[in-house]
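Here's the letter readout for the chains.
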Amino acid sequence: VSDYGSLMDLMQYRNILKQELTTVVKINLSWSLFFPACSTPPWQLDGVLSKLVADGYKDIVPVENQTVVTHPWKGAYLNKWLPIMKDLNLDYRPLTNEEWITYKPKAEMLGMHELFGEDGIIIPKVYKDSNMIHLPTMKTHGHSVTTGAMKNAFGGLIPKYRHHSHAILDEVLVDLLAIQKEIHPGLIALLDGSIAGDGAGPRTMNPFYANLLLGSEVQV
């Protein structure tokens, strides 16, 4: 758990994420059941949230969304996230309960307009002008081959039926990178590779010890 604090200090993350802003922590839920390397493990969430609280960040918002194969509350319970947030007096805020607003990107969109129309791009209101921390894991994926910080943006910037985006995945990933640059003043990713997953990701994989934690301001 404490290794995450060391990683964040090595990154000098406090120079990237301004304390006076809301800091959204985007958890990764790929399956409501616990499976190694599949979703944000409790030690990753504990390490990052505890470090933020210890360093004086006040407005911390842990979030995750629903998919066709996951439920945010069931996943939070079975992946042991809820006791961590309770101990730190933080409220878990599933994006299914959040207000979503229309967003018009400044950057040229390569795929999002094709999927959702010129006026169909929406984002959670809490995301706008907030810091963002992504908590992906190191694993393979049936559509994107490998998955990490870039793919984790799907869960917060595209609503429940985002699996339709897989048909033009390359374009959508670029669009999501551009949108994040526009809406988040500070943006980092902290990836857990203590156990990595190989095979039929992101769920039924073969887990193995990789003993890696990765952190970067660069989502790629």
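As shown above, the structure is provided for reference.
Each value, and the rule that gives it
- Residues numbered from 1 in each chain as written.
- Predicted model: local features only at pLDDT ≥ 70, side-chain atom pairs only at ≥ 80, totals over all residues.
- Heavy atoms only, no water.
- 1 Å grid on protein atoms, 1.4 Å probe; cavity = no way out; pocket = protein on both sides within 12 Å on 5 of 7 lines; lining within 4 Å.
- Points joined across faces, edges and corners; volume = space filled by probe spheres on them.
- Helix = DSSP H or I, 4+ residues; strand = E, 2+ residues; numbered from the N terminus.
- Nonpolar A, V, L, I, M, F, W, Y, C, P; charged D, E, K, R; others polar.
- Axes fitted to C-alpha atoms, helices over the stretch in contact; angles between N-to-C directions.
- Parallel < 35°, antiparallel > 145°, perpendicular 65-115°, else oblique.
- Left-handed = near helix turned anticlockwise from the far one by under 90°.
- Contact = heavy atoms within 4.5 Å.
- Salt bridge = Lys/Arg side-chain N within 4 Å of Asp/Glu carboxyl O.
- Core = buried A, V, L, I, M, F, W, Y, C linked by side-chain atoms within 4.5 Å.
- Buried < 20%, exposed > 50% of the residue type's maximum accessible area, 1.4 Å probe, protein only.
- Pairing = 2+ DSSP bridges.

**Q** Give me the lowdown on empty space enclosed by the protein, citing residues and values where you can.
**A** This structure, assessed with the given rule, holds two cavities of 30 Å³ or more. Computed from the structure, the largest cavity encloses a volume of approximately 50 Å³. Lining the largest cavity, in full, are Phe34, Phe35, Pro36, Ala37, Ser39, Pro41, Trp43, Thr137, Asp192, Ser194 and Ile195. Sort the elements by how many residues they give to the lining of the largest cavity and strand S8 (residues 187-200) lands first, with three residues. Looking at side-chain class alone, the lining of the largest cavity contains seven nonpolar, three polar and one charged residues. The computed volume of the second largest cavity comes to approximately 30 Å³. Lining the second largest cavity are Lys26, Tyr127, Met132, His134, Asn152, Ala153, Gly156, Leu157, Gln180 and His184. Of the residues contributing to the lining of the second largest cavity, the split by class is four nonpolar, five polar and one charged.

**Q** Talk me through the packing of helix H1 (residues 2-10) against helix H2 (residues 42-54); I want residue IDs and the actual numbers.
**A** Axis separation between H1 and H2 bottoms out at 8 Å; the angle between their running directions is 55°. Relative to H2, the element H1 is oriented oblique. For H1 against H2, the interelement crossing comes out right-handed. Between H1, through Tyr4, Gly5, Met8 and Asp9, and H2, the contact on the second element is made entirely by Trp43, Gln44, Gly47, Val48, Lys51 and Leu52. Classifying every residue of the contact of H1 with H2 gives five nonpolar, three polar and two charged.

**Q** Before we move on, can you summarise the pattern of salt bridges with the specific residues and values?
**A** Applying the stated criterion across every chain, the model contains nine salt bridges. Salt-bridge contacts for Asp55 lead to Arg14; the nearest nitrogen and oxygen are separated by 3.8 Å. In this pair, Asp55 sits in the loop between H2 and strand S2 (60-63) while Arg14 sits in the loop between H1 and strand S1 (23-27), placing the two residues 41 residues apart along the sequence. Lys125 is the partner of Glu99 in a salt bridge, and the nearest nitrogen-oxygen pair spans 3.8 Å. Note that Glu99 is positioned in the loop between helix H4 (82-87) and strand S3 (100-102) and Lys125 in the loop between strand S4 (122-124) and strand S5 (131-135), a separation of 26 residues in sequence. If you follow the salt bridges from partner to partner, you end up with Asp9, Arg14, Lys51 and Asp55 in one network.

**Q** Describe the nonpolar core, naming the residues involved and giving the relevant values.
**A** Core analysis: the biggest nonpolar cluster contains 26 residues, and Leu49, Leu52, Ile133 and Leu190 have the highest contact counts within it. Put simply, the parts of the chain that give this core at least two residues each are H1, S1, H2, H4, S5 and S8. Looking at this core element by element, the count peaks at four residues for H2. The residues contacting Ile133, other than those within four sequence positions of it, are Leu17, Thr23, Val24, Val25, Lys26, Val48, Leu52, Ile188 and Leu190. Residues Val24, Tyr103, Ile123 and Ile168 belong to the second largest nonpolar core, which totals 24 residues.

**Q** Provide a residue-level description of the pairing of S5, including the pertinent values.
**A** Within S5, five of the five residues are buried, which leaves the element mostly enclosed by the surrounding structure. Of the two faces of S5, the one carrying Asn131, Ile133 and Leu135 and the one carrying Met132 and His134 are both buried. In this structure, S1 lies alongside S5, joined through five bridges in parallel fashion. Note on S5: the bridge partner recorded for Val24 is Met132. Where S5 and S8 come together, three bridges link them in parallel fashion. Bridge assignment links Met132 to a residue of S8, and that residue is Leu187.

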